[in-house]
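Next come the chains, spelled out residue by residue.
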Amino acid sequence: MREVVFARRGSGWLPQVIRANGALELTLAAGADANHEPRTFTVPIGEAHLAVIREDLARHLLLWSAFLPLCDAAGIGGGLDEEAAVALLDPVLLSAPTDVDALFRRIRWDRSRLVAHGADIDLLERGQVCAAMRGASEQPDERRAQEHQAARRRAERAVVLGPLDAGILRFTGQYLHGATVPRRLPDAVDPALLPQVMGVIGTAEQACAGMRIGLDPRRGNRATDKRDWERMTATVDAAVRRAYPELVADAVRSVSFLMCSEAADRSRTAPAADDEAADDHPGGDDSARKTALSFTDDKGGEQTWLRGGPRTASAAFWDFVADRSAGDNEVFTIEDEERGEGIQLLFYADSIARITTVRPGEAGSAPQYRVEYRLVDGIGGYRTLVGAFVRGGCAALDQHGPWTSDVAEFERSRRRRDDR
């Protein structure tokens, strides 16, 4: 039979004292099992320990802080080191404050739980854990603990934030963690500081005005062009550093991350770009514009596009790529069977081949093809070439050379590029 003997109302996570089969136990939920559910651990205690836990919130919290690393060490399925846990009871609950402070200088303990429950951070830093917990509260402030953890991570990197740095990180929602997707949170900033923060944001907006981050269907339906992202990042970083040289790197990175994220979101929600809309390929034979094309990949996928449908050939092809491209599926082909020509996009090698039928197969003989290669500079280069082919066939690709049919020379060029 189990009954709860003592539990504090402020937090459901604080260890409780139960009586099981007549014996007192401290029970706490900590760590996680293989299903990411909290694990429950128990430690046998005595009546003297219960009396202190019941009357002294600070000692209760300190014991919890000392137990948590033992729970973490148990992992997802291991047992709690009960001997080590029991050995902490008297030193934490029954010893003099100076002895408790000395103990906490020797053992591992969970700082964030103490900070969440109101510990004086300066006293904690000086090793005076008992004095630090004099103003402890049953009700935790998780935000306080998270901000303290973020400050410690920055301190480990020797990063010291000024007021404007902190204001920018709060505005973008990245004060606690730099990997958080940034957004605009003006209410999170001190109103007196907000105009300065908006000045930095305005500088960034002006620097990247007119720039865009396109989508990269080679990496899925929502992936963005890495080169566009890097180009915008460099532009914003340079402008902000020039105007505000006192800002730390974390703040500058946060601003450029915000600009890039917003630009990427605009691309994801905007209508798909039509690579065939403008006559960007002078020299192409307009009569060669495709009426029927087949798209294939390296995994047996196939799709037919017919003129007059709801999507242009380019848009339909890039949708096909976005749906099927993967680490083991990086070769895509567009073929015009009627004209006996096509292009093969070799994403793994950042290159493309154009294939033209020199002589069709006759009387059982195999057809002869001319295959020419060229390197491609990013997804933008691929879009240009696909649009040119769809508009004017292989002839329209002449101006997008150089092309070579010498496979050995092409491979040497590719290795030279990759080595740069």
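Just so we're clear, the structure is a prediction, and the values are computed from it rather than from any experiment. (Residues numbered from 1 in each chain as written. Predicted model: local features only at pLDDT ≥ 70, side-chain atom pairs only at ≥ 80, totals over all residues. Heavy atoms only, no water.)

1. With respect to the pattern of salt bridges
Right, so step 1: The tally for this structure, following the rule as stated, stands at 28 salt bridges.
Right, so step 2: A salt bridge links Arg113 to Glu142, with the shortest nitrogen-to-oxygen separation between them at 2.7 Å. Taken as a pair, Arg113 in helix 5 (residues 111-116) and Glu142 in helix 8 (residues 142-156) lie far apart in primary sequence, 29 residues in all.
Right, so step 3: With a shortest N-O distance of 1.7 Å, Arg227 and Asp377 are connected by a salt bridge. With a gap of 150 residues between them, Arg227 in helix 11 (residues 226-243) and Asp377 in the loop between strand 10 (368-375) and helix 14 (378-392) connect regions that are remote in the sequence.
Right, so step 4: Among the residues examined, Arg227 registers a relative accessible area of 39% and is labelled partly exposed.
Right, so step 5: With relative accessibility at 53%, the residue Asp377 sits in the exposed group.
Right, so step 6: What you see here is one network of salt bridges that share partners, running through Asp216, Arg218, Arg219 and Asp350. (Salt bridge = Lys/Arg side-chain N within 4 Å of Asp/Glu carboxyl O. Helix = DSSP H or I, 4+ residues; strand = E, 2+ residues; numbered from the N terminus. Buried < 20%, exposed > 50% of the residue type's maximum accessible area, 1.4 Å probe, protein only.)

2. Regarding the sheet that holds strand 10
Right, so step 1: Within the open sheet, the six strands sit side by side as 6-5-7-8-9-10. Their pairing is antiparallel. Each edge of the open sheet is held by one strand with a lone partner, namely strand 6 (302-306) and strand 10. Taking the axes of each pair of neighbouring strands and ignoring which way they run, one obtains an average angle of 20 degrees across the sheet.
Right, so step 2: Taken together, the six bridges between strand 8 (residues 341-346) and strand 9 (residues 351-359) define a ladder with antiparallel strand orientation. Bridge pairing in strand 9 links Leu346 to Ser351.
Right, so step 3: Sitting on the sheet, helix 15 (residues 407-419) is in contact with strand 9 and strand 10, with an inclination near 15 degrees to strand 10. (Pairing = 2+ DSSP bridges. Axes fitted to C-alpha atoms, helices over the stretch in contact; angles between N-to-C directions. Contact = heavy atoms within 4.5 Å.)

3. Section: the environment of Arg414
Right, so step 1: In this structure, Arg414 sits in helix 15.
Right, so step 2: You can call Arg414 buried: its relative accessible area is 19%.
Right, so step 3: The spacing of Arg414 and Arg374 is 40 residues in sequence and 9.0 Å in space, taken between C-alpha atoms.
Right, so step 4: Contacts of Arg414, omitting those with residues within four sequence positions, involve Ala349 and Leu375.

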